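# Per-entry structural report
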Amino acid sequence: HSGARGGSHKVWVKPNAEMTFLYGNNVAKAGLARITESIPQYAGVVVYSMSNIPLGFGVAAQATEGCKDLEPNGVVVLHQADIGEYLRVEDDLF
């Protein structure tokens, strides 16, 4: 496993997809800004905003190559966890 734990698989989402992801939804192709090369299907990915802020984690619903042929509303990243969850939990605590 060469550097897989280092979060080498990255996805950058457009601002409109950022809020959607932070509310616990998957990332559709239309919301995808950039994706690192050669991500295998079902690999773990780190989701970033356009300003390189880590938003959370997901699972690649498609391999990088498969993304090209997707419909705009096709799912690229399956939501796993996001920083919004921590924010939502904090609201409940205080």
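Per chain, residues are indexed from 1 in the order of the written sequence. In keeping with the model being predicted, local features are shown solely for residues with a pLDDT of at least 70 and side-chain atom pairs are shown and tallied solely at 80 or more, while totals for entire chains, interfaces and linings include all residues. As a rule here, side-chain values come from all non-hydrogen atoms in the structure, and water together with hydrogens is ignored.

Next up on the list: the environment of Gly44. Starting at the N terminus, helices and strands are each numbered in turn, a helix being any DSSP run of H or I of at least four residues and a strand any DSSP run of E of at least two. Along the chain, Gly44 turns up in strand 4 (residues 44–48). C-alpha of Gly44 to C-alpha of Phe57: the two residues are 13 residues apart in sequence and 7.1 Å apart in space. Every residue in contact with Gly44, bar those within four places of it in the chain, is listed here: His9 and Gly58. Whether two residues touch is decided by their heavy atoms; if any such pair falls within 4.5 Å, the residues are in contact.

So, about the packing of aromatic side chains. Centre distance and the angle of the planes are the two values used to describe a pair of aromatic rings. Paired rings are identified among Phe, Tyr and Trp, the last through its six-membered ring, by centres lying within 6.5 Å, and are further divided according to the angle between planes into stacked (under 30 degrees), edge-to-face (over 60) and tilted (the rest). Under the defined criterion, the tally for this structure stands at one aromatic pair. Judged by centre distance (5.9 Å) and plane angle (25 degrees), the rings of Trp12 and Tyr48 are stacked. Highlighted residues: Trp12 in strand 1 (residues 10–13) and Tyr48 in strand 4, separated in sequence by 36 residues.

Once that is clear, we can look at the environment of Gly84. With respect to the helices, strands and loops of the structure, Gly84 is situated in helix 3 (residues 83–93). Residue exposure (1.4 Å probe, protein chains only): buried if accessible area is under 20% of the type maximum, exposed if over 50%, otherwise partly exposed. Residue classification places Gly84 among the buried residues on the basis of a relative accessible area of 7%. Sequence separation between Gly84 and Leu22 is 62 residues, and the spatial gap between their C-alpha atoms is 4.9 Å.

Next up on the list: the side chain of Asp82. Inspection of the secondary structure assignment puts Asp82 in strand 6 (residues 75–82). Given the relative accessible area of 1%, Asp82 is considered buried. Polar contacts, as used here, are pairs of N or O atoms within 3.5 Å; protein pairs need one atom able to donate a hydrogen and one able to accept it. Residues neighboring in sequence count only if both atoms are side-chain atoms. A distance of 2.4 Å separates a polar atom in the side chain of Asp82 from a polar atom in the side chain of His79.

Across a sheet, strands are paired by hydrogen bonds formed along the backbone, either parallel or antiparallel in direction. The pairing criterion for strands is at least two bridges between them, as found by DSSP. The mixed open sheet is built from six strands, whose spatial order is 2-6-5-4-1-3. With partners counted over all chains shown, the strands left at the sheet margins are strand 2 (27–28) and strand 3 (32–35), one partner each. Relative to strand 4, strand 1 runs parallel, the two sharing three bridges. Within strand 4, the position partnered with Val11 by the bridge is Val47. A fitted line through C-alpha atoms represents every axis, and for helices the fit uses only the stretch in contact; the resulting angles, taken between N-to-C directions, go from 0 to 180 degrees. This element, helix 1 (residues 15–22), spans strand 1, strand 2, strand 4, strand 5 (54–60) and strand 6 of the sheet and lies at about 80 degrees to strand 5.

Residues with a pLDDT of 70 or more make up 83% of the protein, whose mean pLDDT is 87. Strand 2 holds the highest mean pLDDT among the elements of the protein, 97, whereas helix 3 holds the lowest, 67. Residue-level confidence of the predictor, termed pLDDT, takes values from 0 up to 100.

Our next topic: the nonpolar core. In this description, a nonpolar core means a group of buried Ala, Val, Leu, Ile, Met, Phe, Trp, Tyr and Cys residues linked to one another through side-chain atoms lying within 4.5 Å. In terms of nonpolar packing, the biggest core is built from 17 residues, with Val11, Val13, Val45, Val47, Leu55, Val76 and Val77 touching the most fellow members. Listing elements by their share of this core, those giving two or more residues are strand 1, helix 1, strand 4, strand 5 and strand 6. The biggest single contributor to this core is helix 1, with three residues. Once residues lying within four places of it in the same chain are set aside, the contact partners of Val13 are Glu18, Val27, Gly31, Ala33, Val47, Tyr48, Ser49, Met50 and Leu55.

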